[in-house]
Amino acid sequence: MSVSIKSEREIELMREAGRILAHVHGELGKILKPGISTMDIDRIGERLIRSFGCIPSFKNYNGYPASICVSVNNEVVHGIPNKHRILREGDIVSLDAGVIYNGYHSDAARTHAIGQISGEAQKLIRVTRECFFEGIKYAKAGNHLNDISSAIQAYAESFGYGVVRDLVGHGVGKALHEDPEVPNFAQKRKGIRLRPGMTLAIEPMINMGRADVVWLNDDWTVVTDDGSLSAHYENTILITEGDPEILSLL
Ligand code: MF3
Ligand code: CO
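Residues numbered from 1 in each chain as written. Chains lettered and ligands numbered in written order. Predicted model: local features only at pLDDT ≥ 70, side-chain atom pairs only at ≥ 80, totals over all residues. Heavy atoms only, no water.

Taken together, the protein ligands of the cobalt ion (ligand 2) are Asp107 (OD), His170 (NE2), Glu203 (OE) and Glu234 (OE), with distances of 2.1 to 2.2 Å. Written as a sequence motif, the donor residues of the cobalt ion (ligand 2) are D-x62-H-x32-E-x30-E. Placement of aspartate 107 in strand β5 (residues 104-113) and of glutamate 234 in the loop between β13 (230-232) and β14 (235-238) is noted, with a sequence separation of 127 residues between them. Aspartate 107 gets classed as buried once you look at its relative accessible area, which sits at 3%. (Donors = N, O, S within 2.8 Å, 3.2 Å for Na, K, Ca; no water. Helix = DSSP H or I, 4+ residues; strand = E, 2+ residues; numbered from the N terminus. Buried < 20%, exposed > 50% of the residue type's maximum accessible area, 1.4 Å probe, protein only.)

Shown next as structure tokens:
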């Protein structure tokens, strides 16, 4: 395993990749409403990404056919946009996107409500976001990776939620997926020591019910095994000498 330390020049490019992606998520959040198809979201998202001179990093990644992963309700991640999949009042939808700016990647995800949703679903979305912020409290030089992972798990489980084990966060930079893996649950080992210049995608995937997930026959869409709702929240962050910088948040 080799974890890259980004130079100041690389960090500047990743900041720009992050800023653009934050903006893309902001704009996508505004177009969501009952009646929109998951394909509409992908088309608008891809156009936005390209309008900033960026490349949508997911498109054709290992054969993934779209630019934005759109995952509805019990879908955890990697939902494939489809013109027949129409969002309805009461749905929750996770949007995951990545952009490449001058050779550098940013990766971020948000879960949104469509119209009025249940109080329980609102709480799941809120707690999943809070899981990320619990985790990055420990994203400091000198700490270990597992400090982040354990904090996320403890917070999610204190609400009785299931922390997805089969997918993890990751290093990010010249590639979408770099070392190290960033699990959202405690490991036996304390993991690498965090150093300034490391850039990580931290991405809790949290189920209202059990942690188990299964893959659909399309080979991409990951759904909860028990059919419960799932939420996802992700940002690309930079480890510094002090507090971490969240690159994909404005
Ligand atoms: N955001 C996802 C991740 O963090 C990447 C989606 S995989 C793709 O791993 F194939 F859809 F690109
Ligand atoms: Co990611």
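Moving on, there is more to tell.
To continue, consider the sheet that holds strand β15 (residues 245-246). Read across the open sheet, the 5 strands follow the order β8-β7-β9-β14-β15; overall the sheet is antiparallel. For this open sheet the edge positions go to β8 (178-182) and β15, each flanked by a neighbour on one side alone. (Pairing = 2+ DSSP bridges.)

Spatially, the 3 strands line up as an open sheet ordered β6-β10-β13, and their pairing is antiparallel. Two strands in the sheet have a free side with no partner beyond their single neighbour: β6 (162-163) and β13. Pairing analysis gives 3 bridges linking strand β10 (residues 205-207) to β13, with the strands arranged antiparallel. Across the sheet, the residue bridging to methionine 205 is histidine 232, located in β13. Relative to β13, helix α3 (residues 119-136) is tilted by about 40°, and along the sheet it contacts β10 and β13. (Contact = heavy atoms within 4.5 Å. Axes fitted to C-alpha atoms, helices over the stretch in contact; angles between N-to-C directions.)

Turning our attention to helix α2 (residues 38-51). Taking 1.5 Å of rise per residue, 14 residues should cover 20 Å, and α2 covers 20 Å from first to last C-alpha, within 8% of that figure. For α2, every residue scored as buried is listed here: Thr38, Ile41, Asp42, Gly45, Glu46, Leu48 and Ile49. One side of α2 holds all its buried residues, which, seen down the axis, span an arc of 165°. For α2, exposure combined with an orientation more than 90 degrees from the buried face picks out Arg47 and Ser51. Against the buried residues of α2 lie α1 (8-31), β1 (55-56), β2 (68-72) and β4 (92-101). Positive phi shows up at glycine 53, right after α2, with a value of about 75°. (Expected span 1.5 Å × (residues − 1). Arc of directions from axis to C-beta.)

Before going further, it helps to spend a moment on the packing of α3 against helix α4 (residues 145-157). Packing of α3 against α4 brings their axes to within 8 Å, and their N-to-C directions diverge by 150°. When the axis of α3 is compared with that of α4, the two are roughly antiparallel. Between α3 and α4 lies a crossing of right-handed hand. Counted together, Val127, Glu130, Cys131, Glu134 and Gly135 of α3 and Ile148, Ala151, Ile152, Tyr155 and Ala156 of α4 form the full contact between these two elements. Along the lines of polarity and charge, the residues of the contact of α3 with α4 split into 7 nonpolar, 1 polar and 2 charged. (Parallel < 35°, antiparallel > 145°, perpendicular 65-115°, else oblique. Left-handed = near helix turned anticlockwise from the far one by under 90°. Nonpolar A, V, L, I, M, F, W, Y, C, P; charged D, E, K, R; others polar.)

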